[in-house]
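# Residue-level structural notes
Listed below, chain by chain, are the residues.
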Amino acid sequence: EHEFEYNRKILAKRQPKFNPEDGASIRKAYESDPFAFSGGGGMMIFVDLKPKATPYTKDDMDKLAKRYATLLRSGSIIATVYNLLEKRLLVQLEKSWYTKDTFKFLAQQPEVLQFEANSKVYKPEDFLDDEDDL
């Protein structure tokens, strides 16, 4: 099986179910997970961290980036995490259909203030009580 075919199968499984003849059904499916309709390309997520009493050092940020990358990879999400600035990380996903799962992961991290993808800012609270966890 080629990687392209394998990726198409995963995308088909992860895409919300909808009736293609019903506009309301399509809209509801898209609103539930717009990233599942992206075609599977890469995705960049900017992560802003909460301020703390002592400023984050470069070493703190590097360790946090490594920890996030390792934890995401252990959950089968292939991502590269970069230390951008003080209190800001960049998560680069290889497959955009893992964006919602990555948002859930980020929402559970105590140091995360907010995250941004496709010029839209998300708060952790928006993903903590998601009913389709586990």
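For the structure itself, consult the block above.
The shown structure was predicted, so the numbers you read here are calculated from the model rather than taken from an experiment.

Reading the values: the criteria
- Residues numbered from 1 in each chain as written.
- Predicted model: local features only at pLDDT ≥ 70, side-chain atom pairs only at ≥ 80, totals over all residues.
- Heavy atoms only, no water.
- Helix = DSSP H or I, 4+ residues; strand = E, 2+ residues; numbered from the N terminus.
- Expected span 1.5 Å × (residues − 1).
- Buried < 20%, exposed > 50% of the residue type's maximum accessible area, 1.4 Å probe, protein only.
- Arc of directions from axis to C-beta.
- Pairing = 2+ DSSP bridges.
- Core = buried A, V, L, I, M, F, W, Y, C linked by side-chain atoms within 4.5 Å.
- Contact = heavy atoms within 4.5 Å.
- Salt bridge = Lys/Arg side-chain N within 4 Å of Asp/Glu carboxyl O.
- Axes fitted to C-alpha atoms, helices over the stretch in contact; angles between N-to-C directions.

### Let's talk about helix 3 (residues 58–74)
- The terminal C-alpha atoms of helix 3 lie 24 Å apart, and with 17 residues this matches the ideal 24 Å at 1.5 Å per residue to within 8%.
- Among the residues making up helix 3, those that are buried are Met-61, Leu-64, Ala-65, Tyr-68, Ala-69 and Leu-72. Here the buried residues of helix 3 occupy an arc of 130 degrees about the axis, which is enough to place them on one side. Exposed residues on helix 3 whose side chains face more than 90 degrees from its buried face are Lys-63, Lys-66, Thr-70 and Ser-74.
- Backbone geometry just after helix 3 places Ser-76 at a positive phi near 70 degrees.

### Thoughts on the pairing of strand 1 (residues 43–49)
- The buried fraction of strand 1 amounts to five of the seven residues, a majority that puts the element mostly inside the structure.
- The sheet contact formed by strand 1 and strand 3 (residues 88–93) spans six bridges and is antiparallel. Across the sheet, the residue bridging to Met-44 is Gln-92, located in strand 3.

### Observations concerning the nonpolar core
- By size, the foremost hydrophobic cluster in this structure holds 28 residues, and its most contacted members are Ile-45, Val-47, Tyr-68 and Phe-115.
- Those elements that provide at least two residues to this core are strand 1, helix 3, strand 2 (79–85), strand 3, helix 4 (99–107) and strand 4 (112–117).
- The element that contributes the greatest number of residues to this core is helix 3, accounting for six residues.
- Excluding anything up to four places from it in sequence, Phe-115 contacts Ile-45, Phe-46, Val-47, Phe-103, Leu-106, Ala-107, Lys-120, Val-121, Tyr-122, Lys-123, Pro-124 and Phe-127.

### Some thoughts on the pattern of salt bridges
- This model, assessed by the stated rule, comprises six salt bridges.
- Two residues, Lys-58 and Asp-62, come together in a salt bridge whose shortest N-O distance is 2.8 Å. Note that Lys-58 and Asp-62 are positioned in helix 3 at a spacing of four residues, about one turn of the helix.
- Taking relative accessible area as the criterion, Lys-58 reaches 59% and is therefore assigned exposed.
- For Asp-62, a relative accessible area of 25% puts it in the partly exposed group.

### Some words on the sheet that holds strand 5 (residues 120–122)
- The antiparallel open sheet is built from five strands, whose spatial order is 2-3-1-4-5. Looking at which strands have only one partner, the edges of the open sheet turn out to be strand 2 and strand 5. The sheet shows a mean angle of 25 degrees between the axes of neighbouring strands, direction not considered.
- Here six bridges tie strand 2 to strand 3, and the two strands are oriented antiparallel to one another. Along strand 3, the bridge assignment pairs Tyr-82 with Leu-90.
- Against the sheet, helix 3 makes contact with strand 1, strand 2, strand 3 and strand 4, and its axis sits at roughly 160 degrees relative to strand 2, the strand it touches most.

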